[in-house]
Amino acid sequence: AKGLAGRDLCSITDLSVPEMAAIMELAHAVKTQPEDFRHALDAKQMVMFFEKASLRTRLTFETAMNTVGGNAVFVDQTSSPLGERESIPDVARNLERWMNVIVLRTYSHDTVTEMAENAKIPVINALSDIEHPCQAIADFMTLEERFGSVMGLKFTYVGDGNNVCHSLMLTAALLGAHCTVATPKNFGPKLDIIHKTIEIAENTGGSLTLTHDPIKAATGADAIYTDVCTSMGQEHEAARRAPIFKPFQVNEELMALAQPSAAFMHCLPAHRGAEVTDAVLDGPQSVVFDQAENRLHAQKAIILMLLGGAKRIPSHRNR
Ligand code: CP
Ligand code: NVA
C-alpha cells in the first residue's frame, strides 16, 4: 500500500481493503519491533488542533511522533473553533509550508474535510462528530491480537450510533467481520455510513445487522463494544438520553449472553455505571487498556504510511 503516502485519513472510507490490511500489519510490526522505526520520520513535524478534550489521542499521537524521530506541536482550540480567526483554507496554506501532517479533533466533520481539501499535506481525523478512524483501527488491532484474524468474527456494538460506532462498522466491513449494531430507536448510525458499510461488506464476506434489541445483539458475540451515550458537545442532552439508553447498558447479565471468550471493549473515557458497569469494565473480559495502548502503535502505523516512512531500519544498524 505504497499509495497511502501523501493521502488523508478523514474517514475509514478513505482506505481500501488492502490498505487497511497493510496498516494493520504495520501496526503489529511497530508494536513488536519499535526500534526498527526509531528514525523512520526523522525531523518530520506534526501539528495537532483540538477543539475538544483528549487524554489518549493527544498523548498517543505526540508519543508516536516522538518515538519515530519526529516532533508534534499541540494547539488547544477548545476555546475557539478552527476557522474562526482565519479561514480554514488560509490556515491550510500556512500549515503546509512548515508542517508534514495535520491532526484535527473537531466538532464538525466538515472542518476536517475542508482542511484536507485545502492542504497539500496529509490530514488525520482524530475524532469529529461523524468518525473516529484512529480509534477503530487500534480497536481492530486489539481484536487481531486476541483472535488472530477478525475475518468472520462476531463484533457487536451496543449504544449510541455515534462517531466511534461509524468507524467501527466501516472497519469491521473492510476486515470481513460480522458487525451487529444495537441502538435505541432514533439513535442509529447515519444512513450513508450504513450504505457504505454494506457495500464494503459485500466484497469482503462481512455483514452488517442493525437492531434495537441489545439481548439479540449480545447473544453469541465474540466482542461487545460500547461508548458513552452522550458524546462531547451533547452534554445538554444527557438527562434526556439517560433513560433511553438504560436498557442498553453493558452489565454482567448482557456479557453472559456472549461467547465465554468474548472481549469487552470501550474507547474510554467511560461513564461508569451508565453505559457499562464497573464489574464489566474492570472484569476479566475487559480489554479497554489494551485498546488504549494500541492507539500508540496503530497511530504510529498510520503516520508512517501517510508520511511515506514505512521503511524499516533494522535496529542493529540503528544505534
Ligand atoms: N478514546 C479517545 O479518543 O480518548 P480521548 O478522548 O481521551 O483522546
Ligand atoms: N463518542 C465519544 C468518544 C470519545 C472518545 C465522543 O465523541 O465524545
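The name recorded for the protein in an unreviewed UniProt entry is Ornithine carbamoyltransferase, from Granulicella mallensis. The record in UniProt for the protein states the following under Subcellular location (unreviewed entry): "Cytoplasm". Recorded in UniProt for the protein, the comment headed Sequence similarities (unreviewed entry) runs: "Belongs to the aspartate/ornithine carbamoyltransferase superfamily. OTCase family."

Draft legend 1. Quick look at a negative patch on the surface. Together, Asp-110, Glu-114, Glu-117 and Asp-129 make up a negatively charged patch on the protein surface. Residue placement: Asp-129 occurs in the loop between β4 (123-125) and α5 (133-147). Residue classification places Asp-129 among the partly exposed positions, given a relative accessible area of 42%.

Draft legend 2. Inspection of the side chain of Thr-111 at higher detail. Considering the arrangement of structural elements, one finds Thr-111 in helix α4 (residues 109-118). Excluding its chain neighbours within four sequence positions, the residues that come into contact with Thr-111 are Glu-51, Leu-82, Ile-88, Leu-104 and Thr-106.

Draft legend 3. Representation of the site of ligand 1. Contacts to ligand 1 come from Ser-54, Leu-55, Arg-56, Thr-57, Arg-105, His-132, Gln-135, Cys-267, Leu-268 and Arg-295. Within the side chain of Arg-56, a nitrogen or oxygen atom sits 2.9 Å from an oxygen atom of ligand 1. Summarising the interface, the protein chains cover 95% of the accessible area of ligand 1, which totals 260 Å² for the free molecule. For the shell around ligand 1, the per-class residue count stands at three nonpolar, four polar and three charged.

Rules of the game
- Here, residues in each chain are numbered from 1, in the same order as that chain's written sequence.
- Just so you know, chain letters begin at A and ligand numbers begin at 1, following the order they were written in.
- Local features are withheld for residues below a pLDDT of 70 in this predicted model, meaning they are given only at 70 or higher, and side-chain atom pairs are given and counted only at 80 or more; totals for whole chains, interfaces and linings count all residues.
- Each side-chain value is worked out from all heavy atoms of the structure, with water and hydrogens disregarded.
- UniProt positions are given in the numbering used here, feature names are shortened, and annotations may be inferred rather than shown by experiment.
- The patches reported here contain residues having more than 30% relative accessible area and no salt bridge. Joining distances are 9 Å for like charges and 5 Å for nonpolar side chains (Val, Leu, Ile, Met, Phe, Trp, Tyr).
- The Shrake-Rupley method, run with a 1.4 Å probe sphere, supplies the accessible areas, and residue values consider only the shown protein chains as cover.
- Salt bridge, as used here: a side-chain nitrogen of Lys or Arg that lies within 4 Å of a carboxyl oxygen of Asp or Glu.
- In summary, the charge assignment counts Lys and Arg as positive and Asp and Glu as negative, without counting His or the chain termini.
- Charge positions are represented by NZ for Lys, CZ for Arg, CG for Asp and CD for Glu.
- Put simply, DSSP H or I for four residues or longer makes a helix, DSSP E for two residues or longer makes a strand, and each gets a number counted from the N terminus.
- Buried, partly exposed and exposed residues are distinguished by accessible area as a fraction of the type maximum, computed with a 1.4 Å probe on protein chains only: under 20%, between the cut-offs, and over 50%, respectively.
- Whether two residues touch is decided by their heavy atoms; if any such pair falls within 4.5 Å, the residues are in contact.
- Here a residue is considered near a molecule or strand provided that any single heavy atom belonging to it is located within 4 Å of it.
- Polar contact is the term for a pair of N or O atoms within 3.5 Å; when the atoms are in protein, one must be able to donate a hydrogen and the other to accept it, and sequence-neighboring residues count only if both atoms are side-chain atoms.
- Ten residue types, Ala, Val, Leu, Ile, Met, Phe, Trp, Tyr, Cys and Pro, are classed as nonpolar, four, Asp, Glu, Lys and Arg, as charged, and the remainder, Gly among them, as polar.

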